[in-house]
Amino acid sequence: MAGLLALFSLFLILPLSALSDPNPKPVPPTQAHAELTTYGFPIGLLPSSVQSYSLNHTSGEFSLDFGSSCKITLPPDNYLATYSKTVKGKIAQGRIAELDGIRVRAFFKWWSITGIRSGDGELVFEVGMVTAKYPSKNFDESLECEGKRSSS
Ligand SMILES: *[C@@H]1O[C@H](CO)[C@@H](O)[C@H](O)[C@H]1NC(C)=O
C-alpha cells in the first residue's frame, strides 16, 4: 500500500517537472554563473572553473577567480578566448562594463573585451569602439578550460 502510494506520488510529480519547462537551460555550474543569469547574461560567458568570486550588489563591481588563466574556444566562430586568473568588471542588468581580463584572438590579433551588453536574445561584445553581435543561445553552455597549464 505504501509502495503504491509512493509510485502514485512519483507519477504525480514527474509529469509536472517535465512539463514546467519545455526548453530547460543547463544548470549553472557555480553560484557565480547563477548570479550572472539574474543580470540577464547566459552562463556560457564564463568557463565552468570559477574558484571564487565577489560581487558588490550596490556598485555591481565584481571579481572572478579562475584559479589559473583559462583558454576556451567561443562559439559560433571558434574564436580563441583567454580569461586571466582574475577577471574584474562592473555588472548591471544587461550590461557589463570596465571589463578587465578577457581577451579574444581575431584577425591575427588579441583584443581585450571591455564590455558586454545583453538584450533581445543577443550579446554585444565591445572591444573599445568596435562591437560584435552574437545570438545569446550560442552561450547557453559553460565550457571547461582547454589544455590547462600550470604557468601564468
Ligand atoms: C559597495 O559599493 C558601494 C558603492 O560604490 C560602496 O559604498 C561600498 O563600500 C561597497 N562595499 C564593499 C563591501 O566594497
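Residues numbered from 1 in each chain as written. Predicted model: local features only at pLDDT ≥ 70, side-chain atom pairs only at ≥ 80, totals over all residues. Heavy atoms only, no water.

In the nomenclature of an unreviewed UniProt entry, the protein is known as DUF538 family protein of Linum tenue.

Caption draft 1: Broad picture of the state of the cysteines. The tally for this structure, following the rule as stated, stands at one disulfide. Covalently, Cys70 is tied to Cys145 through a disulfide, its sulfur atoms 2.0 Å apart. Measuring the twist about the S-S bond at about -110°, one finds the Cys70-Cys145 disulfide to be left-handed. Residue Cys70 is found in strand β3 (residues 70-74), and its partner Cys145 is found in the segment after β9 (130-135); the two are separated by 75 residues along the sequence. Given the relative accessible area of 3%, Cys70 is considered buried. With relative accessibility at 17%, the residue Cys145 sits in the buried group. (Disulfide = S-S within 2.5 Å. Helix = DSSP H or I, 4+ residues; strand = E, 2+ residues; numbered from the N terminus. Buried < 20%, exposed > 50% of the residue type's maximum accessible area, 1.4 Å probe, protein only.)

Caption draft 2: Quick look at helix α2 (residues 31-38). For α2, the complete set of buried residues consists of Ala32, His33, Glu35 and Leu36. What you see down the axis of α2 is that its buried residues fit within an arc of 160°, all on one side. Counted as exposed and oriented over 90 degrees from the buried face of α2: Gln31 and Thr38. On its buried side, α2 packs onto β1 (52-55), β2 (61-65), β4 (79-92) and β5 (95-106). One side-chain oxygen at the N-terminal end of α2 lies 3.2 Å from the backbone nitrogen of Ala32; it belongs to Thr30. (Arc of directions from axis to C-beta. Contact = heavy atoms within 4.5 Å. Polar contact = N/O pair within 3.5 Å; in protein donor to acceptor, adjacent residues only side chain to side chain.)

Caption draft 3: Inspection of the pairing of β1 at higher detail. Summarising the sheet, β1 and β2 pair through four bridges and their orientation is antiparallel. Bridge pairing in β2 places Ser52 opposite Asp65. Taking the residues between adjacent antiparallel strands as the criterion, β1 and β2 are bridged by five residues, where Gly60 takes a positive phi near 85°. (Pairing = 2+ DSSP bridges.)

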